[in-house]
Amino acid sequence: MIKAENLHKNFKKFEALKGIDLTVAPGEIYGFLGQNGAGKSTTMNILAGLSRPSSGSVQVGDVNLTGSLRSGELDLGYLPEDPRFYPWMNAREALTFYLDEDRYTGDASKRVDEILNWI
């Protein structure tokens, strides 16, 4: 189950999300359609635990995404249509950068080693 209530996301003075309410039941398939800049990717990043909302609440399954996540708490993968990688970073630097953002509360260097051992 996915539930978002009054979801807002601001990037400095730009309001990317303006009070989204969304409920997706278990087993239900839901898609986002809209023009560029409508907030589709921003919403997905929040639902995947990659970004925090500026306000509102989000729950995916039993996990409340409004607070900090612990390692392994959200069992979810997300592959955007057009993933962006910084060409000046190697794999270790990119993973460390992503894990050091505002969501991951575990030992980032240990988690990076675990991920790099998969490949």
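Residues numbered from 1 in each chain as written. Predicted model: local features only at pLDDT ≥ 70, side-chain atom pairs only at ≥ 80, totals over all residues. Heavy atoms only, no water.

Engineer: What should I look at first to understand helix H1 (residues 40–47) in this one?
Structural biologist: Residues spaced three or four apart along an α-helix point in a common direction, a consequence of the helix completing one turn every 3.6 residues. Listed in full, the buried residues belonging to H1 are Thr42, Thr43, Ile46 and Leu47. The buried residues of H1 occupy an angular sector of 135 degrees when the element is viewed end-on, so they sit on one face. Residues of H1 that are buried sit in contact with strand S1 (2–11), strand S2 (14–24) and strand S3 (55–60). Gly49 sits one or two residues past H1 and shows a positive phi near 80 degrees. (Buried < 20%, exposed > 50% of the residue type's maximum accessible area, 1.4 Å probe, protein only. Helix = DSSP H or I, 4+ residues; strand = E, 2+ residues; numbered from the N terminus. Arc of directions from axis to C-beta. Contact = heavy atoms within 4.5 Å.)

Engineer: Just to check I follow, could you spell out the packing of helix H2 (residues 91–99) against helix H3 (residues 108–118) for this structure?
Structural biologist: Two quantities define a packed helix pair, namely the angle between the helix axes and the distance between the axes. One can describe the packing of H2 onto H3 by two numbers: an axis separation of 9 Å at closest approach and a directional angle of 130 degrees. With respect to each other, H2 and H3 are oriented oblique. Every pair of crossing elements has a handedness; the one defined by H2 and H3 is right-handed. Every residue of H3 that contacts H2 at Ala91, Arg92, Leu95, Thr96 and Leu99 is listed here: Ala108, Arg111, Val112, Asp113, Ile115 and Leu116. (Axes fitted to C-alpha atoms, helices over the stretch in contact; angles between N-to-C directions. Parallel < 35°, antiparallel > 145°, perpendicular 65-115°, else oblique. Left-handed = near helix turned anticlockwise from the far one by under 90°.)

Engineer: Explain unusual backbone geometry to me, please; I cannot follow it from the model alone.
Structural biologist: For residues that are not glycine, phi is negative in most cases, and the peptide bond is trans in most cases. Here the phi dihedral of Asn6 falls at roughly 50 degrees; this positive angle occurs in a residue that is not glycine. Position of Asn6 among the secondary structure elements: in strand S1. For Lys12, which is not glycine, the phi dihedral falls at a positive 55 degrees. Tracing the backbone shows Lys12 in the loop between S1 and S2. Assessed through its relative accessible area of 85%, Lys12 is described here as exposed.

Engineer: What am I meant to see in the pattern of salt bridges here?
Structural biologist: Oppositely charged side chains may form a pair once their charged atoms are brought near each other. Going through the model one piece at a time under the given rule, you end up with three salt bridges. Taking the shortest distance from any N to any O, the salt bridge between Arg111 and Glu114 comes out at 2.9 Å. Of the two residues, Arg111 and Glu114 are both situated in helix H3; the distance of three residues between them amounts to about one turn of the helix. With a relative accessible area of 22%, Arg111 lands in the partly exposed category. (Salt bridge = Lys/Arg side-chain N within 4 Å of Asp/Glu carboxyl O.)

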